[in-house]
Amino acid sequence: MSEEKKNDLDVVLDKELRPQKWDEYIGQSSIKQNLHILLSAAKERNHAPEHILFYGPPGLGKTTLAHLVSRELGANLKITSGPAIEKVGDLASVLTNLTAGDILFIDEIHSLNKAVEEVLYPAMESGVLDIIIGKGPSARTIQLDLPPFTLVAATTRVALVSAPLRSRFSGGVYQLEFYTEDEIRKIIERSSGLLNMPLSEDAAREIAKRSRYTPRTANYFLKRVRDYAQVNKEDITPKIVGEALDLLGVDHIGLTSADRRILEAIAHKFKGGPVGLNSIAASLSEDQSTIEEFNEPYLIQIGFIERTNRGRVITQHAYEHLDITGSTEGTILSA
Ligand code: ADE
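Note that the structure is a prediction, hence the values are computed from the model and not measured.

S.K.: Would you take a moment to explain the packing of helix α10 (residues 257–269) against helix α11 (residues 277–284) for this structure?
M.R.: Between two packed helices, the angle of one axis relative to the other and the distance separating the axes together describe the packing. Put simply, α10 and α11 touch, their axes get as near as 10 Å, and they point 105 degrees apart. Regarding the angle of α10 to α11, the classification is roughly perpendicular. Contact residues: α10 offers Arg261, Ile262, Ala265, Ile266 and Lys269, while α11 offers Ile280, Ser283 and Leu284. When its residues are assigned to classes, the contact of α10 with α11 shows 5 nonpolar, 1 polar and 2 charged.

This is how it looks when you write it as structure tokens:
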């Protein structure tokens, strides 16, 4: 997957809205508690914390957590990504440029290739970099000692992280959960304060309802609503929120036109499923990983799609929402 690949809702969280302190970071309380223990213990022992992996759908705050970890430790944060580390030499260059106590953040770590992973293992486990010099029978390995560092990695596709790599995150493998609607409303209220835009609680709740339980989406919608209200010279009320987000093609539960196309394809072209993701993607001329990473997690979360071992199935909830009277053959009729 290329680094530029971004979904329509996947805009970069502005620095101005990113929480700077733990108590500004709303939600994910279990992860915060575990990190608090891990980091406090490491600080007391005057030791770099062990390596950490965060996983979960895009926009839930994995990068923000990496920033908070580095701040807590008073450490430098060096940021790179799986797709940017194509060759062993790229990783060697990143690792040899670290200084003691640095936090190395590797986003989308699932895209590292096998050769790069092999070099990362001893670096994570023993703090050494094995470099092969020369080729053929005269090739030899030299070992460089690396400064102590902590790898904080993130992925939206944990199933693609190999078991050997996963097992080396001895500081923990943490799953970010979708936020509750109330947590999203609080994030919106915090952001509206930072953006200096007055917002009633009702209006914040209306944005929250459509934000797919995802902070990045909430902040993006908040800004689009601000633009709409400004251009129309209106205050931000629930009605104005509705108009602004309807105009973006986002319905009252946060489905985008892309989500609706996926659901309609399963309903109409595949009789409700079960159908493989590759067939859905092909029928929409869409990239399989885009559907899997960006659309499906929310559709599963709200119970519109179910994964079975024979493929994806859309549920009665989805039919009712879309007001489709198509065949329910093959559909799981959940309550
Ligand atoms: N912005 C993005 N994620 C956030 C969170 N968890 N809390 C507060 N603001 C956020």
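S.K.: Just to check I follow, could you spell out the nonpolar core for this structure?
M.R.: If you look at soluble globular proteins, the nonpolar side chains tend to sit buried side by side. Membership of the largest hydrophobic core comes to 44 residues, with the highest contact counts inside it found for Leu35, Phe54, Ile188 and Ile236. It is helix α8 (residues 215–231) that provides the largest number of residues to this core, a total of 7 residues. Ignoring anything within four residues of it in the chain, the contact list for Ile236 reads Met197, Pro198, Leu199, Ser200, Ala203, Val225, Arg226, Ala229 and Val241.

S.K.: Is there a simple way to think about the environment of Ala75 in this case?
M.R.: Position of Ala75 relative to the elements: it lies in the loop between α2 (62–73) and β2 (77–81). The sequence separation of Ala75 and Ala48 amounts to 27 residues, and the corresponding C-alpha distance is 9.8 Å. In contact with Ala75, other than residues within four places in its own chain, are Ser70, Gly101 and Ile103.

S.K.: Explanation requested: the site of the ligand in the structure shown.
M.R.: Around the ligand, the structure places 10 residues, and the nearest of them are Pro19, Glu24, Ile26, Tyr179 and Pro215. Between the ligand and Ile26 there is a distance of 2.8 Å, counted from a nitrogen atom to a backbone nitrogen or oxygen. A distance of 3.1 Å separates a nitrogen atom of the ligand from a polar atom in the side chain of Tyr179. Its free accessible area being 260 Å², the ligand has 99% of it covered by the protein chains.

S.K.: Is there a simple way to explain the packing of aromatic side chains in this structure?
M.R.: For any two aromatic rings, the description comes down to two numbers: the centre-to-centre distance and the angle of the planes. According to the stated counting rule, one finds 4 aromatic pairs in the structure shown. When the centroid spacing of 5.9 Å and the interplanar angle of 40 degrees are considered together, the rings of Tyr220 and Phe221 count as tilted. Both residues of the pair, Tyr220 and Phe221, belong to the buried class. Members of the aromatic cluster, each reached through a chain of ring pairs, are Phe178, Tyr213 and Tyr298. Residue placement shows Arg168 over the ring face of Tyr121; its charged tip is 4.0 Å from the ring centre.

S.K.: Sorry, what's going on with the pairing of strand β5 (residues 140–145) here?
M.R.: When a strand is regular, its side chains alternate between the sheet's two faces. Of all the 6 residues making up β5, 0 are buried; the element is thus mostly uncovered. Bridge analysis of strand β4 (residues 128–133) against β5 gives 6 bridges, and the strand direction is antiparallel. Residue pairing in the sheet places Ile133 in a bridge with Arg140 of β5. Counted along the chain from β4 to the antiparallel partner β5, the turn is 6 residues long, and its residue Gly134 has a positive phi close to 85 degrees.

S.K.: What should I look at first to understand the pattern of salt bridges in this one?
M.R.: Opposite charge on two side chains permits them to pair, given that their charged atoms come into close proximity. A full pass over the atoms with the stated rule returns 22 salt bridges. A salt bridge links Arg210 to Asp246; the nearest nitrogen and oxygen atoms lie 3.0 Å apart. Taken together, the residues span a long stretch of sequence, with Arg210 in the loop between α7 (201–209) and α8 and Asp246 in helix α9 (residues 238–247) at a distance of 36 residues. Relative accessible area serves as the criterion here: at 5%, Arg210 is assigned to the buried category. Here Asp246 falls in the partly exposed class, since its relative accessible area comes to 48%. Between Asp259 and Arg212 there is a salt bridge; the shortest N-O distance is 2.6 Å. Of this pair, Asp259 sits in helix α10 while Arg212 sits in the loop between α7 and α8, and the two are 47 residues apart along the sequence. The pair Asp259 / Arg212 is uniform in exposure class, with both members buried. Linked by salt bridges that have partners in common, Glu206, Lys209, Arg210 and Asp246 make up one network.

Cut-offs and rules
Residues numbered from 1 in each chain as written. Predicted model: local features only at pLDDT ≥ 70, side-chain atom pairs only at ≥ 80, totals over all residues. Heavy atoms only, no water. Axes fitted to C-alpha atoms, helices over the stretch in contact; angles between N-to-C directions. Helix = DSSP H or I, 4+ residues; strand = E, 2+ residues; numbered from the N terminus. Parallel < 35°, antiparallel > 145°, perpendicular 65-115°, else oblique. Contact = heavy atoms within 4.5 Å. Nonpolar A, V, L, I, M, F, W, Y, C, P; charged D, E, K, R; others polar. Core = buried A, V, L, I, M, F, W, Y, C linked by side-chain atoms within 4.5 Å. Buried < 20%, exposed > 50% of the residue type's maximum accessible area, 1.4 Å probe, protein only. Near = heavy atom within 4 Å. Polar contact = N/O pair within 3.5 Å; in protein donor to acceptor, adjacent residues only side chain to side chain. Areas by Shrake-Rupley, 256 points an atom, 1.4 Å probe, with all protein chains shown as cover. Phe/Tyr/Trp six-rings, centres within 6.5 Å; stacked < 30°, edge-to-face > 60°. Lys NZ or Arg CZ within 6 Å of the ring centre and 35° of its normal. Pairing = 2+ DSSP bridges. Salt bridge = Lys/Arg side-chain N within 4 Å of Asp/Glu carboxyl O.

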